[in-house]
Amino acid sequence: MVRDPDVAKPGHPRETLKLSASFRRRILSENYLTELHEDSFEGLLSLRYLDLSCNKIQPIERHTFEPLPVLQFINLGCNLLTELSFGTFQAWHGMQFLHKLILNRNPLTTVEDSYLFKLPALKYLDMGTTQVSQQLKASS
């Protein structure tokens, strides 16, 4: 489930968005989402593509992506992420199929999650327009 605390649905204030388990692709950009929890994507075992761009996401709980064993693409660009805490990308399956991760256009300054740098299939990581990208360039 994806929690959507800012958007009230007719007759159901602060409704929780329920997503079908058969979805392989979810585009949830520009939905005013503010946080991701470890149960946000529960039951979406076949999800491969996840676009969460241009929301207002700040915290991402540890193990949030654990229910997504075949996820290949995540777009978290254009949110309000200031840090990636330890365990953000930690999962029992090791996120072994994730090959593209977009984190650009966030006020990101801190990456404390060592799992990000151990993703086995990651081929593309976009951290442009973040403070982290400037720090990485300066230290290289």
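Look a little higher up for the structure.
Residues numbered from 1 in each chain as written. Predicted model: local features only at pLDDT ≥ 70, side-chain atom pairs only at ≥ 80, totals over all residues. Heavy atoms only, no water.

**Thoughts on the side chain of glutamine 90**
- In this structure, glutamine 90 sits in the loop between strand E6 (83-84) and strand E7 (100-102).
- On the basis of relative accessible area, glutamine 90 is assigned to the buried category, the value being 15%.
- Non-local contacts of glutamine 90, meaning those with residues more than four positions away in its chain, are made with Arg62, His63, Glu66, Asp113 and Tyr115. (Helix = DSSP H or I, 4+ residues; strand = E, 2+ residues; numbered from the N terminus. Buried < 20%, exposed > 50% of the residue type's maximum accessible area, 1.4 Å probe, protein only. Contact = heavy atoms within 4.5 Å.)

**With respect to the environment of tyrosine 115**
- Mapping tyrosine 115 onto the fold places it in the loop between strand E8 (110-111) and strand E9 (124-126).
- Separated by 29 residues in sequence, tyrosine 115 and phenylalanine 86 place their C-alpha atoms 7.8 Å apart.
- In contact with tyrosine 115, not counting residues within four places along its chain, are Phe86, Gly87, Phe89 and Gln90.

**Re the side chain of asparagine 75**
- Following the sequence through the fold, asparagine 75 ends up in strand E5 (residues 73-75).
- The contacts of asparagine 75, once residues within four sequence positions are left out, are Leu50, Asp51, Leu52, Ser53 and Ile102.

Don't take any of this as a statement about function, it's just geometry.
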